[in-house]
Amino acid sequence: MPTCRRKRVVLTQPSESLLKSLKTNLDRDVFYLQQTGEIFETYEAYAARMSFYRLKQFQCEVTGKSGLDYFQALASERSEAETLHSRFSEPLKPAILKAVQFQVVGRLDHLVESVYERFKDRYFKGERVLIDLSGIKYYGQVHTVYPPKYSTDVAARDANKPDAEGVEQGAPRPIDDEEPHQIHDDLKTPVKEVNARDDPFLYYYWVLLTDLERDKSDKSKASKPTDGSEMVGSLMEVQCGRMSRDRLSFSKSILRRFIRDCVDRDAAVASPWTVKPAIAQKYGVISSMTEDTRINVEAIKKGEHDKRKKVWEDKDGPPNKKHKKMTPAQEEKAKAAAHKRDREAQEKLDQQRLAREEAERIAAEKKKKKPIRYPTEDLDVRLMDKDLKAGMKLKRPVPTSYALPFNHHPGSFESFLMSWNFLVVYGQPLHLSPFTLDEFEHAIKHADLDMPCSLLAEVHSTLIYNLRTVPFARHSAVLSLLQRKDQLRAEGLEDEEYFGVNTDQLSAAMSDTGNNWERVPLRHSEGREGWEEALIGCLKDHATRGNFPRMREILTKLLFAPDPNEAPEPQAPSPSSSRGPSPESTPTPQRLSVTSTPRERYINLPVHDRIAILSFMVNLAISSKAIHQHMESCEEQLTALRKEKIEVNRTNKQYLEEMNTLMGETKEGLVDEDVKMDDPSDMSDVPASENGSDSGKSKKGASKSKALRQKAQLQAHSKQREAARAKQASVKQAVAEHRRLDEEVNKLERRLEAIEREFRKLLGGVRVKPMGKDRFYNRIWWFDGLGSGNLVGSGGATQYGAGRIFIQGPSEFDLELMMRRTDDEVSVQVRRLEEEGQEGMLGPSDWAVYSDIEELEEFIAWLNPKGHRELALKQAVSKWWIHISAGIRRRMQDLSVHAKLPEARRSTRTKAAPDITREAYMMWTNRRAINAT
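Since this is a predicted model, take the numbers as computed values, not measurements. (Residues numbered from 1 in each chain as written. Predicted model: local features only at pLDDT ≥ 70, side-chain atom pairs only at ≥ 80, totals over all residues. Heavy atoms only, no water.)

A.B. asks: Lay out the overall build of the protein chain with the relevant residues and their values.
C.D. replies: Across its full length, the protein chain holds 30 helices and 18 strands. A buried classification covers 37% of the 933 residues belonging to the protein chain. Taking all contacts inside the protein chain whose residues are at least 6 apart in sequence as the whole, residues at least 24 apart take part in 75%. Within the structure as shown, the protein chain displays about 55900 Å² of accessible surface, and the carbon and sulfur contribution to it stands at 52%. (Helix = DSSP H or I, 4+ residues; strand = E, 2+ residues; numbered from the N terminus. Buried < 20%, exposed > 50% of the residue type's maximum accessible area, 1.4 Å probe, protein only. Contact = heavy atoms within 4.5 Å. Areas by Shrake-Rupley, 256 points an atom, 1.4 Å probe, with all protein chains shown as cover.)

Encoded structure:
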């Protein structure tokens, strides 16, 4: 049986309710697992069991192979069992199984050892054996077995020969009715005692030699042995000393596998080994215990239980002994002694408990006193007085939430930011030039029908083109509305109305608008004319009440207008710089009763509805083929950049090593130039003669020697000058080479910076993740330089997308993780109030922003590098600080310039409306546009 986690798999039995129901209803449908024969009442139970059998966690009990499913393990066991039973000696099987039946042996190994010792020298009729005759081995088959009573009677053995006189061929013989080796008693019986009753060395065997054993090293089939072949076919009388079995048919390992496959036992203590019923019936093994066997097994079980009971009693105390009946005085004395023992035991337990508590207290104090290794968990770091004196800030600078666009409507800012990031990151496959977050904000707020916004038209058109490649269901929005109407009707309710428009009116208006949206050309040269109607068609075929809950409300506002005869509601003044009423502040009328066109109505659509449309389209566009191909391309380019970065770093390291070597040579050359050379005029003269007056010969010799010394010294100085000039030239060459390598290193460093920027761009096309988290798991986002956006423009000019650092509150999981901390002296909530402030605490869906350099610098100074998260965040911000600060400054400059432009253009005589055509979002041009036909 296959095993799972070292336990045999038990087949599922039918439930009692199923068995009872089948008695009354024979036609009931059930689920049958053919491989195991199991029956299940429900498909869920059948599928769960089949899934369990398909897990790769089963093990073949015979071979020990693991990592199989149930059916593979079962097939392996069956294959091995067939091989085993075909190899194992068939006449030996009944004898071994009879010996094993009802044996009480703890381990299977001990059982195998006992069986092997019992039967290794005992052979049975029909067995295939090996006979050793003077060093030559023959294969033979046991023809007749003579028990020990025939060991001294040669004539009786000869009388039973097949070719003996008076014996007919095939006729029954008395020897055939005698069963040999009647030793099926307890295997724990000593070997000497068993051999005394049934000595295997007193048995004689008539063996028919069938073949000569071949040399296993000789694999040639053609070569036949010649020595001893004349004995093949003869009948010989031998004893067990000359006989043996083939190791492939009988060994301890083969015997172990055979017994394990044929027997089983219960899990209870001292349970006997029993032969499986089917195998016992096949080989004639008794399956029911005799009375003597049962008594013997029960005695063994009782002895084992008593032994275990004694062990446990010895652990608890001395064994209880039977005492004689005590007098009342003795009983009182015994009770007092027992009470004293209980009291002493309780005191001992109390002392142990106090000692354990004291040890725990000391360990906790040591743990507190143990110095903390930084960096560690951020919430475990608390500012000390010395940290505050060193200038570290306790409270984080409060980020602003009111400066976020559209943040007054829940969820609108996050959808707005996500849509902008998608459009900028995937600008290349969408054929859309990058634009800033401020430009996108003003475009969303644009509400002038006479002056179309190119940015709005391009964004919607490119998404419409992209969604043409995404599978859709024709008229899915209409079908969804009609299903809702039928559902309300089935519940006995009336049809819903939005702004006075019912389902039939809205369906009729939708059926006449945007029917050919997937084929209509939206040309860039024509200002994407007709994109509003194509938008209705796109929503009509892609949206449903399930994936776009606000679909009906938005479509109603786009297809219906208020009755001009009705008095409009008062409007608040618009804060937007755009001409005309702002959709952010214009309230929608309660009734929309006049059919209108999407082009006229989109201008009056509130900004949160515009953002909802863009967010829905962006979520659909993520699954388009163009976006997926772009992601795969980014992955390939990232792999190439990683390889290039490794190569550039390797080259840079090599250049730096060469520069260090050249620097050492240059220093040695400069030291040599500082050494002062000897002056040839400093040569010492020859000392005067002690006699005062030299002869002419001695004077001549002295002058000659002096001339020779001067000449040698001049030659040495000449060589020194030549060596110095050569050294100086070498130093100049080394300096020039050092300068060249320095330039190469600068080029490589600039290339590494470009690789980092390119890596950030490509990584944004695969996945966008925050720069890091602070101690309270607030997520820090910086969106510049991702995808098609650039950090550095042509000529090194600074470019930005958002030009700000955004902070998002902790996720639900992180917030729950913080709230679970109970070991802190100060709770996380109190710490957040203390270090973030009430106005600075952000929830999971809350956002805030740092728009000023000074605020951001204060925030970076607040980060504590002793914590894991804030250390990683601080390193990430420091890595990109040049570009972050440059983008923020550039955005502040652009905002100040655009704020001054209306003042500069304002006339002193007339108060004309501001010219929005000079606004940045109106001057934006899509340089990547493709004029599709």
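A.B. asks: So, the packing of helix H3 (residues 70-87) against helix H8 (residues 252-262): which residues are in play, and what are the values?
C.D. replies: Each pair of packed helices can be described by the angle between their axes along with the distance between the axes. The geometry of H3 relative to H8 is characterised by a closest axis approach of 10 Å and an angle of 120° between their N-to-C directions. Considering their axes alone, H3 and H8 lie oblique with respect to each other. The two elements H3 and H8 cross, and the hand of that crossing is left-handed. In contact with Glu80, Ala81, Leu84 and His85 of H3, H8 contributes Ile254, Arg257, Phe258, Asp261 and Cys262. Of the residues belonging to the contact of H3 with H8, the class tally is 5 nonpolar, 1 polar and 3 charged. (Axes fitted to C-alpha atoms, helices over the stretch in contact; angles between N-to-C directions. Parallel < 35°, antiparallel > 145°, perpendicular 65-115°, else oblique. Left-handed = near helix turned anticlockwise from the far one by under 90°. Nonpolar A, V, L, I, M, F, W, Y, C, P; charged D, E, K, R; others polar.)

A.B. asks: Could you give an account of helix H2 (residues 43-54), with specific residues and numbers?
C.D. replies: Between its first and last C-alpha, H2 extends 16 Å over 12 residues, near the 16 Å set by a 1.5 Å rise per residue. Among the residues of H2, Arg49, Met50 and Tyr53 are the ones counted as buried. Seen along its axis, H2 keeps its buried residues to an arc of 100°; they face one direction. Looking at the buried side of H2, the elements it contacts are strand S3 (31-33), strand S4 (38-40), strand S5 (58-59) and H3. (Expected span 1.5 Å × (residues − 1). Arc of directions from axis to C-beta.)

A.B. asks: Which residues make up the UniProt feature "coiled-coil region" (unreviewed entry) in the protein chain, and what are the values?
C.D. replies: What UniProt calls "coiled-coil region" (unreviewed entry) maps, in this numbering, to residues 631-658. From the first C-alpha to the last, residues 631-658 spans 41 Å; its make-up is 100% helix and 0% strand. (UniProt positions renumbered as here; feature names shortened; annotations may be inferred.)

A.B. asks: Outline the packing of aromatic side chains, listing residues and values.
C.D. replies: Per the counting criterion, the structure on display carries 34 aromatic pairs. With a centroid separation of 5.2 Å and 75° between ring planes, the pair formed by Phe52 and Phe58 is classed as edge-to-face. Owing to a relative accessible area of 24%, Phe52 belongs among the partly exposed residues under this scheme. Classification of Phe58 by relative accessible area gives buried; the value is 1%. An angle of 90° between the planes, with centres 5.8 Å apart, marks the rings of Tyr123 and Tyr205 as edge-to-face. Note that Tyr123 is positioned in the loop between helix H5 (108-119) and strand S6 (128-133) and Tyr205 in strand S8 (residues 204-212), a separation of 82 residues in sequence. Considered together, Tyr123 and Tyr205 belong to a single accessibility category, that of buried residues. An aromatic cluster is present here, built from Phe413, Trp420, Trp781, Phe783, Phe806 and Trp847 joined pairwise through their rings. Above the plane of the ring of Tyr139 lies Arg128, whose end atom (NZ or CZ) is 4.3 Å from the centre. (Phe/Tyr/Trp six-rings, centres within 6.5 Å; stacked < 30°, edge-to-face > 60°. Lys NZ or Arg CZ within 6 Å of the ring centre and 35° of its normal.)

A.B. asks: Break down the sheet that holds strand S1 (residues 3-4) for me, with residues and values.
C.D. replies: One open sheet accounts for 3 strands, arranged S2-S1-S5; its pairing is antiparallel. Single-partner strands in this sheet number two, and they are strand S2 (7-8) and S5. (Pairing = 2+ DSSP bridges.)

A.B. asks: So what about the environment of Gln637? Which residues, and what values?
C.D. replies: Among the secondary structure elements, Gln637 is positioned in helix H23 (residues 625-673). Using a relative accessible area of 35% as the deciding quantity, one classes Gln637 as partly exposed. As for Gln637 and Leu763, which are separated by 126 residues in sequence, their C-alpha atoms are 9.7 Å apart.

A.B. asks: With reference to specific residues and values, describe the sheet that holds strand S17 (residues 805-808).
C.D. replies: Either a parallel or an antiparallel arrangement is found when strands of a sheet pair, and the pairing is made through backbone hydrogen bonds. Overall, antiparallel pairing links the 4 strands, which are arranged S15-S16-S17-S18 in an open sheet. At either margin of the open sheet sits one strand with a lone partner, and together these are strand S15 (772-773) and strand S18 (847-850). Where S17 lies against S18, 4 bridges are found, and the strand directions are antiparallel. Pairing of Gln808 across the sheet is with Trp847, part of S18.

A.B. asks: Account for the pattern of salt bridges, with residues named and values stated.
C.D. replies: Tallying each qualifying case throughout the model produces 49 salt bridges. A salt bridge links Arg891 to Asp438; the shortest N-O distance between them is 2.9 Å. Placement of Arg891 in helix H29 (residues 881-905) and of Asp438 in helix H15 (residues 437-445) is noted, with a sequence separation of 453 residues between them. Summarising the burial analysis for this pair, Arg891 and Asp438 share the class buried. (Salt bridge = Lys/Arg side-chain N within 4 Å of Asp/Glu carboxyl O.)

A.B. asks: Requested: an account of the confidence of the model for the protein chain, with residues and values cited.
C.D. replies: In regions of low pLDDT, the predicted coordinates are not meant to be interpreted in detail. Overall, the prediction assigns the protein chain a mean pLDDT of 81, with 86% of residues at 70 or greater. Predicted confidence is poor over residues 675-693, with pLDDT under 50, and the contacts of this stretch with residues over four places away or in other chains come to 17 contacts. Segment residues 906-911: pLDDT under 50, and 0 contacts once partners within four positions in sequence are set aside and those in other chains are kept. (pLDDT = per-residue confidence, 0-100.)

A.B. asks: Hey, could you go over the side chain of Ser507 for me, with residue numbers and the actual values?
C.D. replies: With respect to the element layout, Ser507 can be found in helix H18 (residues 503-511). A relative accessible area of 11% places Ser507 in the buried class. The contacts of Ser507, once residues within four sequence positions are left out, are Val478 and Leu482.

A.B. asks: Before we move on, can you summarise the environment of Glu298 with the specific residues and values?
C.D. replies: As for its position among the elements, Glu298 is in helix H10 (residues 291-316). Exposure remark for Glu298: the relative accessible area of 41% places this residue in the partly exposed category. Considered as a pair, Glu298 and Ser271 are 27 residues apart in the sequence and their alpha carbons are 9.3 Å apart.

A.B. asks: So what's going on with the packing of H15 against helix H22 (residues 607-621)? Residues and values would help.
C.D. replies: Where H15 contacts H22, the axes come no closer than 9 Å and their chain directions differ by 115°. Taking contact as the criterion, the partners of Phe440, Ala443, Ile444 and Lys445 in H15 are, on H22, Val607, Arg610, Ile611 and Leu614. Residue composition of the contact of H15 with H22, grouped by class: 6 nonpolar, no polar and 2 charged.

A.B. asks: Could you give an account of the side chain of Arg869, with specific residues and numbers?
C.D. replies: Within the element layout of this structure, Arg869 appears in helix H28 (residues 868-879). Taking the relative accessible area as the measure of exposure, Arg869 reaches 14% and is therefore buried. For Arg869, the side chain forms a polar contact with the side chain of Glu377, separated by 2.9 Å. For Arg869, the residues in contact, after removing those within four places along its chain, are Glu377, Asp378, Leu379, Lys773, Asp774, Arg775 and Tyr777. (Polar contact = N/O pair within 3.5 Å; in protein donor to acceptor, adjacent residues only side chain to side chain.)

A.B. asks: For the pairing of S6, give the residues involved together with the corresponding values.
C.D. replies: With 6 bridges joining them, S6 and strand S7 (residues 136-146) adopt antiparallel strand pairing. Residue pairing across strands places Arg128 opposite Gln141, the latter belonging to S7. From the end of S6 to the start of S7, which pair antiparallel, there are 2 residues, and Ser134 there has a positive phi angle of about 55°. With 2 bridges connecting them, S6 and strand S10 (residues 243-244) associate as antiparallel partners. Along S10, the bridge assignment pairs Leu130 with Ser244.

A.B. asks: Tell me what's going on with unusual backbone geometry, and back it up with residues and numbers.
C.D. replies: Excluding glycine, residues mostly carry a negative phi; peptide bonds, for their part, are mostly trans. With an omega of 0°, the peptide bond between Tyr374 and Pro375 qualifies as cis. You can see Pro375 is positioned in the loop between helix H11 (328-369) and helix H12 (385-389). Positive phi values are uncommon outside glycine, yet Phe499 reaches one of about 60°. Here Phe499 lies in the loop between helix H17 (476-490) and H18. Look at Tyr777: it is not a glycine, yet its phi comes out positive at around 65°. When you line up the elements, Tyr777 lands in the loop between S15 and strand S16 (779-781).

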